[in-house]
Every structure is written in structure tokens, then in C-alpha cells.
Amino acid sequence: MNFFKAETSWSNAEFIIFKLCVASAYVLVGAYFSDFFLQYRFPILIIFAITMIWTVYLWLRKMKWV
């Protein structure tokens, strides 16, 4: 059995819980290491912008709008 080939289906309610879990971990890390991450805010912002555009593109392609 290959772990990476297993397919799952998440309901919206289950996915919301997962996203809240990940977001709370990011907030905790950001609060604890705020001075450390402050010096890397522009590279992190660039990574965020690129991944946001990529995610929106994939979502629109999945919805067959692109």
C-alpha cells in the first residue's frame, strides 16, 4: 500500500477544522518568533503572493472557468 496514492474525500466541515488547525499553528509560531520572522517579511510575502495566485488559478481551472 502506497501512502501517497491513497485518495480521500473531505467534506467542507472537515476541511474547515483542518484549516483552523493549520492556521492556529501558524499564529502560534508567528507570535513566538515574531522578531525572527520580521526580518524575512518580504520573501515570505513574495512566497505568499505566488502561492495564492497559483492556488486561485488551480481552483478556477478545477471549476472550468479557465
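Definitions and cut-offs
- Residues numbered from 1 in each chain as written.
- Predicted model: local features only at pLDDT ≥ 70, side-chain atom pairs only at ≥ 80, totals over all residues.
- Heavy atoms only, no water.
- Helix = DSSP H or I, 4+ residues; strand = E, 2+ residues; numbered from the N terminus.
- Expected span 1.5 Å × (residues − 1).
- UniProt positions renumbered as here; feature names shortened; annotations may be inferred.
- Patch = residues over 30% accessible without salt bridge, like charges linked within 9 Å, V, L, I, M, F, W, Y side chains within 5 Å.
- Areas by Shrake-Rupley, 256 points an atom, 1.4 Å probe, with all protein chains shown as cover.
- Salt bridge = Lys/Arg side-chain N within 4 Å of Asp/Glu carboxyl O.
- Buried < 20%, exposed > 50% of the residue type's maximum accessible area, 1.4 Å probe, protein only.

Asker: Got a minute to help me understand helix H3 (residues 41-62) in this structure?
Answerer: Count 3.6 residues to each turn of an α-helix, and residues three or four apart come out pointing the same way. For H3, built from 22 residues, the straight-helix expectation of 32 Å at 1.5 Å per residue is met to within 8% by its first-to-last C-alpha distance of 31 Å. Lys64 occupies a position one or two residues after H3 and carries a positive phi of about 60°.

Asker: What am I meant to see in the UniProt feature "transmembrane region" (unreviewed entry) in the chain here?
Answerer: Under the present numbering, the feature "transmembrane region" (unreviewed entry) in UniProt falls on residues 12-34 and 40-60. The straight-line gap between the two end C-alpha atoms of residues 12-34 is 31 Å; of that span, 96% is helix and 0% is strand. A helix fraction of 95% and a strand fraction of 0% characterise residues 40-60, whose end C-alpha atoms lie 30 Å from each other.

Asker: Sorry if this is basic, but what is going on with a nonpolar patch on the surface here?
Answerer: Among the surface-exposed residues, Phe42, Leu45, Phe48, Met52, Ile53, Val56, Trp59, Met63 and Trp65 lie close enough to one another that they form a single nonpolar patch of about 1000 Å² accessible area. Position of Trp65 relative to the elements: it lies in the segment after H3. Take Trp65: its relative accessible area is 60%, and that puts it in the exposed class.

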